[in-house]
Number of protein chains: 2
Amino acid sequence: MTAVMTAVPSEPAKAYEALCERLKEISSLNGISGLLDWDEMVMMPPGAAASRGSQKAVLAGVLYDKETDPQLGALLDSLKAAPPGTLDEVQAAVVRDAAREYVKRTALPKELAQRIAKLKSEAYGAWVKARTESDFSVFAPFLKQWIEISKEKAKLIDPTKPVYDVLLDDYEKGATSARLDEVFTQVREGLVPLIAAIKSRGRRIESGWLNGGEYDTEKQAELCKKKDNVVEGLTGAIHETGHALYEQGRNLEYDGLPVNSALSMGVHESQSLLWERMVGLSRPFAAYLLPMLQERFPESFGSVTAEQLYESENVIQEPSLIRVEADEVTYPLHIILRYELEKGLLEGEVEVEDVPRLWNERMGSYLGATPPNDATGCLQDIHWSMGALGYFPTYTLGAMYATQIYAAAKKEIPDLEDKIRAGEFKPLKSWLNDKIHKLGSLHKSGDELMIAATGAPLEPSVFLDYLRDKYNDLYKL
Amino acid sequence: MTAVMTAVPSEPAKAYEALCERLKEISSLNGISGLLDWDEMVMMPPGAAASRGSQKAVLAGVLYDKETDPQLGALLDSLKAAPPGTLDEVQAAVVRDAAREYVKRTALPKELAQRIAKLKSEAYGAWVKARTESDFSVFAPFLKQWIEISKEKAKLIDPTKPVYDVLLDDYEKGATSARLDEVFTQVREGLVPLIAAIKSRGRRIESGWLNGGEYDTEKQAELCKKKDNVVEGLTGAIHETGHALYEQGRNLEYDGLPVNSALSMGVHESQSLLWERMVGLSRPFAAYLLPMLQERFPESFGSVTAEQLYESENVIQEPSLIRVEADEVTYPLHIILRYELEKGLLEGEVEVEDVPRLWNERMGSYLGATPPNDATGCLQDIHWSMGALGYFPTYTLGAMYATQIYAAAKKEIPDLEDKIRAGEFKPLKSWLNDKIHKLGSLHKSGDELMIAATGAPLEPSVFLDYLRDKYNDLYKL
């Protein structure tokens, strides 16, 4: 450790330069940390586990020292105090996000950080046990600890804000629970009757021929890997490609700076869901995909029409109790239920003991389905065991951003759906590069990004109209 | 950077503990650096080159700060001043090697380190060009700079020692040029007549049937990978397995400490060459290997005897001009030639301009062969272009250590060669684990390790006797 405390440059341009150098260092170290994790999961022989553990611990210590260096804080203070107009839009965004991150890193005393680390490993074990035994009481004490420790943490980071908002900010920058309440209420009120209407029609489409049957996995992989047209194949590959395009589309000029990071988990998810749902599960894409399926799997697809493929891909099944198996119409209600409960827990309006009962009641009223036990109910997800309170909303925000972004793209790109039918995905990719990917974290929230890219903040009616139009048509409601 | 300069613990045990913590941190960061390099060569897509470059630069900076931290120096000073007997053998070795490393890291001013880095990349390019054009004059100015910069560096590290010894220490800890002169003179004087005698017999064995012919590469790979008997297959796989066994055989109790590192490049090479030459190219191994070759390649090996396989594996070809193609009898003279020249250059007794002439003269007198041009003469090796002066001797030291270690193993392991013939390699591996691998850097030089493992320092006659016995027999000299 070189111990010299150098003076902060008085010239803002110099101070900004010094800031960027430090931020890029931190970004590089985070990149290394990512490689260590990836290598551990994919390449590393298990005998190297102890050595990799030491490497990760040392690197975490180095990162902590860099991220909490008082010199970094002094640079940020000087730049925040610079007269308005000194920094351009990008520079201001860098300072804004770096300052927020610095506050988060320096707010927690070491003792609290250690308690959090300890709870993380204990709570995970307890959750696994609780789910295996389908016994919420095994996990309850740890969820209680997470609630208390999360409140403590949030108050240290920003005592002026609601606890939920401070936690949410880690996953969905700039969002608030007041805004989520507003958005999610509309979504819930729109979806409950839609789901009831679909249910009343019964299952209109036989889905067995698509979901059952056996398909050679090598042929499937080959289909997913055909990359010259950006997306082809099955929904998983399309979804992950959407995430990758977001990461790859960033502006390299700002590489290593916070402004070049993903804006939020919700925006990230919007890029995967846009390609998966708006493109991959659309009528024009079905027309494009069908001949490729027929060529590879003639027995299954030889006599199928594009409309039949589209209908089968979008069949609404019996409402699932399990979030990760839910379709796009019921999925948001799984999220809203979790959001309501975790917010209630943090605000003291819900007791941990009441979680299983409230969960089951709301599953009944939102989806008309009641879990037979906690394992398929309030214990199904890993998130709370890791202390990830405030994460769930990003899934549905992502789905909503996706419909609104796609609606704007359709207005601006002539004949977009004809292009998709013809396998021309580049115009959409370029449009997303310009409107979303390149901007990274320039805007301070998902709403601001929506205004810049689509002309309006997140608007639940766009999402609801998309679902209504699609399923009214499919189900002849 | 936390700027607090904490006091050195007055209790030696505490100071040693604090030292180990720092050394393990440095070791972990070096391990991370190794992963970044490996991943770059093996896994990384080329588009990530710029980002990986930044990561490596940042990590190098972090490592430099840790390795040159004055606190580390203060801990080492306090431990070097501890009363005799305070530290046990292992602890003393840790302090000895860490202190030497600290001197090396802190001796060079930043400006010199930058000049070295610059020269490294320029000299490499010049060497590639010089070799392609077979024109030593293109490389000569850079070799001159390496000589000057190496002298400058050596004087900063230890002005009391000969320049060559300081450089050699990076590769062969504890060795000196005086000792190399002594050893290499005996080797040279022993080998020149042996080579002449072999040459006078002409090529006794037709090697075409083994070196020519086509062998299915998958069957070869499968043969090399059969691992339950430690070594099986071709010499490359056996050689690298020897290196791996040395690394894997270290004492995990001292993981991350200098005492657990390889003692030297020479000792490392001894472990690969022992398995390759003493085992893999031996008569008993030929008897063990033959049936496996016959099973896989019946056309080539169906009517071959074990003695024929052994003879063919050990045929001495026309002396090669190229080091990496040389056999075990001529190889040491390639090394001695390079050692004499690089030592002469550093001591001012050889001028850079004279290198091509001296090279060709000595190739003639040592091996009876004269390179037709510089590309196949003094420009053939990459080492000098990277400033690796003092590296070459380790190859032949390794070959010599290997024969002496194997001779000791043969004395101590009953019926070792019968065991090898039966494919039982574990007794030899266990013996090497105990005598060499586990010791790491406990001893301060290769000679000291030889004393501990074989009862005597490196003894050239052991190496010469091995070669004479083997080739007198093979060539009926």
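Naming follows an unreviewed UniProt entry, where chain A appears as Carboxypeptidase of Volvox carteri f. nagariensis.

Enquirer: Explain the packing of helix 1 (residues 12-42) of chain B against helix 2 (residues 49-67) of chain B to me, and be specific about the residues and the numbers.
Expert: All names here are of chain B. Where helix 1 contacts helix 2, the two axes come as close as 10 Å, and the packing angle between them is 160°. Classified by the angle their axes make, helix 1 and helix 2 are roughly antiparallel. Between helix 1 and helix 2 lies a crossing whose hand is left-handed. On the side of helix 1, the interface is formed by Glu25, Ile26, Leu29, Asn30, Ile32, Ser33, Leu36, Asp37, Asp39 and Glu40, while helix 2 contributes Arg52, Gln55, Lys56, Leu59, Val62, Leu63, Lys66 and Glu67. Residue classes in the contact of helix 1 with helix 2 are distributed as seven nonpolar, three polar and eight charged.

Enquirer: Account for the UniProt feature "active site" (unreviewed entry) in chain A, with residues named and values stated.
Expert: Under the UniProt annotation, "active site" (unreviewed entry) lies at Glu240 of chain A. Checked against the element boundaries, Glu240 of chain A lands in helix 11 (residues 235-248).

Enquirer: Mind laying out the confidence of the model for chain A, listing which residues take part and the relevant values?
Expert: All names here are of chain A. Per-residue confidence for chain A gives a mean pLDDT of 92, with 94% of residues at or over 70. Counting contacts from residues 228-232, a segment whose pLDDT is below 50, to residues more than four positions away or on other chains yields 21 contacts. Note on the complex model: pTM 0.84, ipTM 0.82.

Enquirer: Could you give an account of empty space enclosed by the protein, naming the residues involved and the relevant values?
Expert: Residue and element names in this part refer to chain A. Here the structure, examined in full by the defined rule, presents four cavities of 30 Å³ or more. Of the voids in this model, the second largest cavity is the one considered here, and its volume is about 70 Å³. Around the second largest cavity, the lining residues are Trp127, Phe139, Arg338, Trp359, Cys378, Leu379, Asp381, Ile382, His383, Trp384, Ser385 and Phe392. Of the residues contributing to the lining of the second largest cavity, the split by class is eight nonpolar, two polar and two charged.

Enquirer: Break down the environment of Lys56 of chain B for me, citing the residues and quoting the values.
Expert: All names here are of chain B. In this fold, Lys56 is placed in helix 2. Its relative accessible area of 30% is what places Lys56 among the partly exposed residues. Separated by 400 residues in the primary sequence, Lys56 and Ala456 have C-alpha atoms spaced 43 Å apart. Lys56 has contacts with Leu36, Asp37 and Glu40, leaving out every residue within four places of it along the chain.

Enquirer: Lay out the relation of the copies chain A and chain B in plain terms, naming residues and giving numbers.
Expert: Structural alignment of chain A on chain B gives an RMSD of 0.1 Å, achieved by rotating through 180° and translating 0.0 Å along the axis. Such a combination of turn and shift is consistent with a two-fold rotation axis. In this assembly the copies share their binding face: 100% of the residues contributing to the interface of chain A also contribute to that of chain B.

Enquirer: Talk me through the side chain of Ser270 of chain B; I want residue IDs and the actual numbers.
Expert: Residues and elements named next belong to chain B. As for its placement among the helices and strands, Ser270 is situated in helix 12 (residues 265-280). A relative accessible area of 0% places Ser270 in the buried class. Engagement of the side chain of Ser270 in a polar contact is seen with the backbone oxygen of Val267, the distance being 2.6 Å. At a separation of 3.0 Å, a polar atom in the side chain of Ser270 contacts the side chain of Gln271. Excluding residues within four positions of it along the chain, Ser270 makes contact with Gly398, Tyr401, Ala402 and Ile405.

Enquirer: Go over the interface of chain A and chain B, please, and point to the residues and values.
Expert: Counting residues at the interface gives 22 residues for chain A and 22 residues for chain B. Both faces considered, chain A and chain B share a buried interface measuring about 2100 Å² in area, 70% of it formed by carbon and sulfur atoms. Put simply, chain A and chain B have zero salt bridges between them. For the pair chain A and chain B, the number of links is zero residue pairs in polar contact (both at pLDDT 80 or more). Top contributing element to the side of chain A that touches chain B by residue count: helix 1 (residues 12-42) of chain A, with nine residues. Each residue belonging to the side of chain A that touches chain B can be placed in one class, and the counts come to 11 nonpolar, five polar and six charged.

Enquirer: Summarise unusual backbone geometry; cite the residues concerned and give the values.
Expert: Residues and elements named next belong to chain A. One non-glycine residue, Ser134, lies in positive phi territory at about 50°. With respect to the helices, strands and loops of the structure, Ser134 is situated in the loop between helix 5 (110-133) and helix 6 (136-157). You will see that Lys476, though not glycine, has its phi angle at about 50°, which is positive. Tracing the backbone through its elements, the reader meets Lys476 in the segment after helix 22 (460-475).

What counts and what doesn't
Residues numbered from 1 in each chain as written. Chains lettered and ligands numbered in written order. Predicted model: local features only at pLDDT ≥ 70, side-chain atom pairs only at ≥ 80, totals over all residues. Heavy atoms only, no water. Axes fitted to C-alpha atoms, helices over the stretch in contact; angles between N-to-C directions. Helix = DSSP H or I, 4+ residues; strand = E, 2+ residues; numbered from the N terminus. Parallel < 35°, antiparallel > 145°, perpendicular 65-115°, else oblique. Left-handed = near helix turned anticlockwise from the far one by under 90°. Contact = heavy atoms within 4.5 Å. Nonpolar A, V, L, I, M, F, W, Y, C, P; charged D, E, K, R; others polar. UniProt positions renumbered as here; feature names shortened; annotations may be inferred. pLDDT = per-residue confidence, 0-100. 1 Å grid on protein atoms, 1.4 Å probe; cavity = no way out; pocket = protein on both sides within 12 Å on 5 of 7 lines; lining within 4 Å. Points joined across faces, edges and corners; volume = space filled by probe spheres on them. Buried < 20%, exposed > 50% of the residue type's maximum accessible area, 1.4 Å probe, protein only. Least-squares fit on C-alpha atoms with pLDDT ≥ 70 in both. Polar contact = N/O pair within 3.5 Å; in protein donor to acceptor, adjacent residues only side chain to side chain. Buried area = accessible area lost by both parts, 1.4 Å probe. Salt bridge = Lys/Arg side-chain N within 4 Å of Asp/Glu carboxyl O.

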